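Chain and residue survey
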Amino acid sequence: MTLKVGVVGVGNIGSIHADVYKNNAKVELVAVCDINKEKADAAAKKFGARAFYSVQEMLDSGIQLDGCSVATRGEENGGEHYQPTIELLNAGIPVLGEKPISNVVEEAEEMVALAQSKHIPYGVNLNHRFTPAALRARQWIDDGRLGKLHMINMRMWINNPVETSPWFHLRALHPHSFDVMRYFCGDVKSVAAFMNKGRTIAGQDRVTWSNAQVALQFENGVVGNLTGSYDAGGGFGLEFCDVSGSQGRFLLEEACEKLTFYRRDSIETESYGYLGGMRAFPETFKSRIGAWVDQLDAKTPWDKINGSGRDALQVQKIIEAAIRSFETHSVVDIK
Ligand SMILES: NC(=O)c1ccc[n+]([C@@H]2O[C@H](COP(=O)([O-])OP(=O)(O)OC[C@H]3O[C@@H](n4cnc5c(N)ncnc54)[C@H](O)[C@@H]3O)[C@@H](O)[C@H]2O)c1
């Protein structure tokens, strides 16, 4: 039986969600919803779905929805997720939200608590952990190939001249980085951060704290570091994640595309230049949304969702701890 799904917010990213659903044989895209009538109508025409202009109107119509993406944006790219997510969860509909889960931790906590209290699947598009290379690297950890985990170093930098607030870089970009770090090394215990305001390629001094070094201690004793920037990328390369343990090490490069394994006791390496499913940016949506659909289809319980609302909440807590650490010049523990 095909699952009937909708997309709320059909801007740039919501249109990618709609396109992925449209090409997934397990689902039927039945609804698109945007407060911008022109966008809703255009998406309805393009994807062959029914247009709605508010979540409430969509719910009142009685249309069957077995799941719904929320790809709104708002302040610091996360300020408008709360309202539609709460409305959908209250109606009992599983939600796949965009990142950041919210730019306000209290709102993120409320959404996660609501999904938990109603036992409704709630996922977030933390797409980097779903790439085939990231899945294989995680399997190596689970299989014990790295031995006892020691350290993780992550770098995520892109050229992004956009800035809407001092914390835009941290809150909008680094849900991805901290999620990948948590995916490999588990929950974070303590955070210490240093930042500066850089300069764009065009020579504009930044308003946002656009370069950051964030040191992390994980609950399992692993120590790690994030190098994050909105003033790098391009010719500097992309994402890089290096995890080392007592037996081996892996290096995940270029937005989780290239994967290399190094043995500690030998110079032999094992390299995968391309494992599929991630050569172009929208391909990461296909892997992530495909996994969400598979979990809905398999009736996966709310507390077994991969890339869950709780995962997204935990990374926002790391981000807020980094901000507090930098502001107070101290190490901050995550509650
Ligand atoms: N996962 C990723 O790799 C990735 C990459 C880029 C952006 N994003 C995230 O995607 C989200 C969307 O970004 P975008 O660039 O597509 O934004 P956008 O502004 O192009 O689209 C957002 C749309 O939501 C609509 N909207 C706002 N409130 C609404 C409501 N209550 N009900 C219905 N529609 C509503 C707006 O009218 C707009 O059309 C952001 O949260 C961003 O951080 C994720």
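Residues numbered from 1 in each chain as written. Predicted model: local features only at pLDDT ≥ 70, side-chain atom pairs only at ≥ 80, totals over all residues.

Turning our attention to the overall build of the protein. Helix and strand counts for the protein come out as nine helices and 15 strands. Its C-alpha radius of gyration of 20 Å places the protein within 12% of the 20 Å reference for a compact globule of 335 residues. With respect to the three principal axes, the spread of C-alpha positions in the protein is 60 × 45 × 40 Å. Residues counted as buried form 48% of the 335 residues belonging to the protein. In the protein, the proportion of contacts linking residues at least 24 apart, taken out of those at least 6 apart, comes to 69%. (Helix = DSSP H or I, 4+ residues; strand = E, 2+ residues; numbered from the N terminus. Rg over C-alpha atoms; globule rule 2.2 N^0.38 Å. Buried ≥ 20, exposed ≤ 12 C-beta atoms within 10 Å, placed from the backbone. Contact = placed C-beta atoms within 7 Å.)

What follows deals with the sheet that holds strand 9 (residues 211-218). Pairing is mixed across the open sheet formed by nine strands, whose spatial order is 14-13-12-11-7-10-9-8-15. Looking at which strands have only one partner, the edges of the open sheet turn out to be strand 14 (269-272) and strand 15 (332-333). Across seven bridges, the pairing between strand 7 (residues 149-157) and strand 10 (residues 223-229) is parallel. Bridge pairing links isoleucine 152 to glycine 224 in strand 10. (Pairing = 2+ DSSP bridges.)

Owing to its 3.6 residues per turn, the α-helix aligns residues three or four sequence positions apart on the same side. Taken across its eleven residues, helix 1 (residues 12-22) has eight buried, putting it largely inside the fold. Burial in helix 1 covers these residues: Ile13, Gly14, Ser15, Ile16, His17, Ala18, Val20 and Tyr21.

We now examine helix 4 (residues 82-90). Every buried residue of helix 4 is accounted for by Tyr82, Pro84, Thr85, Leu88 and Leu89. Glycine 92 lies just past helix 4 and shows a positive phi near 85°.

The environment of the ligand is formed by 26 residues, the closest being Gly9, Gly11, Asn12, Ile13 and Asn77. Of all elements in the fold, only helix 1 and helix 4 reach the threshold of two or more residues within the shell around the ligand. When residues of the shell around the ligand are assigned to their parent elements, the largest contribution, three residues, is made by helix 1. Of the residues contributing to the shell around the ligand, the split by class is nine nonpolar, eleven polar and six charged. (Near = placed C-beta within 6 Å. Nonpolar A, V, L, I, M, F, W, Y, C, P; charged D, E, K, R; others polar.)

The subject of this paragraph is the packing of helix 7 (residues 168-185) against helix 9 (residues 309-328). Contact geometry for helix 7 and helix 9: axes closest at 9 Å, N-to-C directions at 115°. Pair helix 7 / helix 9 crosses with right-handed handedness. Within the contact between the two elements, helix 7 uses Leu170, Arg171, His174, Pro175, Phe178, Asp179 and Arg182 and helix 9 uses Asp311, Ala312, Gln314, Val315, Gln316, Ile318, Ile319, Ala322 and Ile323. A per-class count over the contact of helix 7 with helix 9 returns nine nonpolar, three polar and four charged. (Axes fitted to C-alpha atoms, helices over the stretch in contact; angles between N-to-C directions. Left-handed = near helix turned anticlockwise from the far one by under 90°.)

The sheet built from six strands is open, its strands ordered 3-2-1-4-5-6 with parallel pairing. Across the chains shown, the open sheet's two edge strands, defined by having one partner strand only, are strand 3 (50-52) and strand 6 (122-124). Averaged over all neighbouring strand pairs, the angle between strand axes comes to 25°, with direction disregarded. As defined by bridge partners, strand 1 (residues 3-8) adjoins strand 4 (residues 67-70) across four bridges and the pair is classed as parallel. Each bridged residue has a counterpart across the sheet, and for valine 7 the counterpart in strand 4 is serine 69. Across the sheet, helix 2 (residues 37-47) lies against strand 2 (27-33) and strand 3, angled at about 160° from strand 2, the strand it touches most.

This brings us to the pairing of strand 7. Note: strand 7 against strand 11 (residues 240-245), six bridges, orientation antiparallel. Paired with isoleucine 152 across the two strands is valine 243, which belongs to strand 11.

A word on the domain arrangement of the protein. According to the domain assignment, the protein consists of domain 1 (3-126 + 285-304) and domain 2 (128-279 + 315-333). Computed from C-alpha coordinates alone, the two centres of domain 1 and domain 2 are separated by 27 Å. Between domain 1 and domain 2, the contact holds 15 residues from the first and 17 residues from the second. Breaking the side of domain 1 that touches domain 2 down by element, the ones donating at least two residues are helix 5 (105-118) and helix 8 (281-297). Of the residues that constitute the side of domain 1 that touches domain 2, the class distribution is six nonpolar, five polar and four charged. (Domains from an automatic or database assignment.)

Next up on the list: the pairing of strand 2. Most of strand 2 is tucked away: six of the seven residues are buried. Two strands pair when backbone bridges link them, and strand 1 and strand 2 are joined in this way by six bridges, in the parallel orientation. Following the sheet pairing, valine 5 is matched in strand 2 by leucine 29. One crossover worth recording links strand 1 to the parallel strand 2 by way of helix 1, and it is right-handed. (Right-handed = clockwise from strand over helix to strand, strands pointing away.)

Moving on, we get to the nonpolar core. Counting residues in each nonpolar core, the largest one holds 96 residues, and the members touching the most others are Val32, Met181, Val191 and Ala322. Broken down by element, this core gets its largest block of residues, ten residues, from helix 7. Among the domains, domain 1 (3-126 + 285-304) and domain 2 (128-279 + 315-333) are the pair contributing at least three residues each to this core. Those residues in contact with methionine 181 that lie beyond four places of it in its chain are Ile152, Met154, Leu216, Gly224 and Leu226. (Core = buried A, V, L, I, M, F, W, Y, C linked by C-beta atoms within 7 Å.)

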